[in-house]
Amino acid sequence: VGHPELAVELDQRSANARLALATFYWTSNRLPEAETEFRQALKIEPANQLANRALATFYLASNRVADAEPYLKSLAEKGQDATNRLALADYYVMTRRFDDALRSLEPIRADAAQGVDSTLRVASIKHMQGQRAEAHRLVEEHQGRPEEGPALHGADRERNSDGPGEGDVSAEVLPRRR
């Protein structure tokens, strides 16, 4: 019996022991057993941030993306750390659920510590949605220099529109291959 297994034998109600055992199983490529232990840890302590993060990570790494969502949502809703909301927004972007991503970022947009990251994510999402002018506005607003525009986009500001094919400055922004 390995040490993580012994820890669970000694204390069946320890979420930390279950997490240690789950991690041991995961690294030993015993995936069904790892999932069972992650779930047991959450059964013992449903609000355990580490257990929610571990199970979400397990599902993402196992290419079971949809299974990760409830655990990422739990982290975002119950956690005190704004980075959990950023992770949930990234999940929504990865699954092309842009409106959900935007909604998940709203509560932290005014947070001084995470406002920059959330605003830049919102700008990125707006850009992916084809709302280039809004994306540029958000970046410019963040920079506090709307008349200059972002340094990355040195193209004429008049050309930045939301129309298809209009305002595409990618040729001016992306380095040319030689």
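Residues numbered from 1 in each chain as written. Predicted model: local features only at pLDDT ≥ 70, side-chain atom pairs only at ≥ 80, totals over all residues. Heavy atoms only, no water.

## Things to note about the overall build of the protein chain
When helices and strands are counted, the protein chain shows 10 helices and zero strands. Listing the helices and strands of the protein chain from first to last along the sequence gives α-α-α-α-α-α-α-α-α-α. Considering the protein chain as a whole, with its 178 residues, one finds that 38% of them fall into the buried category. Long-range contacts, defined as pairs at least 24 residues apart, comprise 34% of the intrachain contacts of the protein chain with a sequence gap of at least 6. Roughly 10600 Å² of accessible area belongs to the protein chain as shown, and the carbon and sulfur atoms make up 51% of that amount. (Helix = DSSP H or I, 4+ residues; strand = E, 2+ residues; numbered from the N terminus. Buried < 20%, exposed > 50% of the residue type's maximum accessible area, 1.4 Å probe, protein only. Contact = heavy atoms within 4.5 Å. Areas by Shrake-Rupley, 256 points an atom, 1.4 Å probe, with all protein chains shown as cover.)

## Section: the environment of Asn52
Here Asn52 shows up in helix α4 (residues 49–61). A relative accessible area of 2% means that Asn52 is categorised as buried. The spacing of Asn52 and Tyr71 is 19 residues in sequence and 5.0 Å in space, taken between C-alpha atoms. Those residues in contact with Asn52 that sit more than four places away from it in its chain are Leu42, Pro46, Ala47, Tyr71, Ser74 and Leu75.

## So, helix α9 (residues 132–143)
Over its 12 residues, α9 runs 16 Å from end to end, which matches the ideal 16 Å to within 8%, given 1.5 Å per residue. Along α9, the residues classified as buried are Ala135, His136, Leu138 and Glu140. Residues of α9 that are buried sit in contact with α8 (115–128). (Expected span 1.5 Å × (residues − 1).)

## Points about the side chain of Ser74
Mapped onto the fold, Ser74 is located in helix α5 (residues 65–78). Every residue in contact with Ser74, bar those within four places of it in the chain, is listed here: Pro46, Gln49, Asn52 and Gly79.

## Focus: helix α6 (residues 83–94)
For α6, with 12 residues, the first-to-last C-alpha span of 16 Å sits near the 16 Å given by 1.5 Å per residue. Of all the positions in α6, only Asn84, Arg85, Leu86, Leu88, Ala89, Tyr91 and Tyr92 are classed as buried. Elements that come into contact with the buried residues of α6 comprise α4, α5, α7 (98–105) and α8.

## Comments concerning the pattern of salt bridges
Tallying each qualifying case throughout the model produces 12 salt bridges. Residues Arg18 and Glu37 are paired through a salt bridge, measuring 2.8 Å at the closest nitrogen-oxygen approach. Of this pair, Arg18 sits in helix α2 (residues 15–27) while Glu37 sits in helix α3 (residues 31–44), placing them 19 residues apart in sequence. We note that Arg18, like Glu37, is buried. As a salt-bridge pair, Arg121 and Asp90 come within 2.7 Å of each other at their nearest N and O atoms. (Salt bridge = Lys/Arg side-chain N within 4 Å of Asp/Glu carboxyl O.)

The values reported here are purely geometric and, on their own, carry no functional implication.
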